[in-house]
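Given next are the chains, with one letter for each unit.
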Amino acid sequence: VLFGAQYVGFGVDRDVIRVGNEIGKFQKIRLRVLDNDIHINEIKVIYANGETDTLAVDADIPKNSRTSWIDLKGDRFIKEIQLNYRSRPSFKGQARIEVFGQYADGWLGPQGEGRKYNQGWVLLGAQTAGFVGFDKDVIPVGRNEGGFRKLRVTVKDRAITLNEVKVIFAGGEEEVIPVRTRVDAGGTYGPIDLKDGRRAAIDHIEAKYRSRFFDSSARGKGAAIVELWGQH
């Protein structure tokens, strides 16, 4: 699950990715770096109960690469992740850093703890949306045996054009939801009721979208973050 992204300026040495208590419990995180090399001095995880977890990294992360998974202290909700780093001066401009989390065991699934929160909505996946053409994001959800009855798309940081959502069930059958609409930053499309309100197991979901270049309400110059949620 993509928690969030920040652009690292050469004069900036600290950033905060706000995760939020409502997302879920996580046991691992990893970083992805795009556009430029950076050096991570330290990562600090602030949990919802106020406890902190300082991860000593002190590592160079080359552009267009990702770290290995980093274990957290137990399975708990995360309030925010603080990043302390330095970027390498170059003529290529800023680096983009993205933070991903891996759910704790027992959170997903029809009997999972995640059903007790967010009215049963579970964050299935998230990605950034490019500006050129329609990105096709493929989100595997096979671990969620029993499937979902509803889906929704939530957008952060910048408006998108949502083109299509396609659900591929475990048996190979597909359900295509043509959309072609604008979804503003902070907005949601859905809920989308799946055919006959079924609970059939879903193999994966494909979503096509792109960030809208002209959006006066966008947060910064970066791309949108698109989240796909499911409800049993």
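Residues numbered from 1 in each chain as written. Predicted model: local features only at pLDDT ≥ 70, side-chain atom pairs only at ≥ 80, totals over all residues. Heavy atoms only, no water.

1. Overview of the packing of aromatic side chains
Next up, step 1: Applying the stated rule across the entire model yields seven aromatic pairs.
Next up, step 2: With a centroid separation of 4.8 Å and 85° between ring planes, the pair formed by F3 and F26 is classed as edge-to-face. With F3 in strand β1 (residues 2–8) and F26 in strand β3 (residues 25–34), this pair connects stretches of sequence that are 23 residues apart.
Next up, step 3: When its relative accessible area of 6% is taken as the criterion, F3 is described as buried.
Next up, step 4: Residue classification places F26 among the buried residues on the basis of a relative accessible area of 0%.
Next up, step 5: Ring geometry for F213 against F214: centres 5.1 Å apart, planes inclined by 90°, an arrangement best described as edge-to-face. Residues F213 and F214 agree in their burial class; the two are exposed. (Phe/Tyr/Trp six-rings, centres within 6.5 Å; stacked < 30°, edge-to-face > 60°. Helix = DSSP H or I, 4+ residues; strand = E, 2+ residues; numbered from the N terminus. Buried < 20%, exposed > 50% of the residue type's maximum accessible area, 1.4 Å probe, protein only.)

2. A look at the nonpolar core
Next up, step 1: Ranked by internal contacts, the top residues of the largest apolar core, which has 34 residues, are F3, I29, I43, I78, I81 and L83.
Next up, step 2: Considering each element in turn, this core owes the most residues, seven residues, to strand β7 (residues 70–87).
Next up, step 3: If we skip the residues at most four places from it in the chain, L83 touches D13, R14, D15, I17, L31, E42, I43, I97 and V99.
Next up, step 4: If you look at the next biggest cluster of nonpolar residues, it comprises 25 residues, including L151, V165, A224 and L228. (Core = buried A, V, L, I, M, F, W, Y, C linked by side-chain atoms within 4.5 Å. Contact = heavy atoms within 4.5 Å.)

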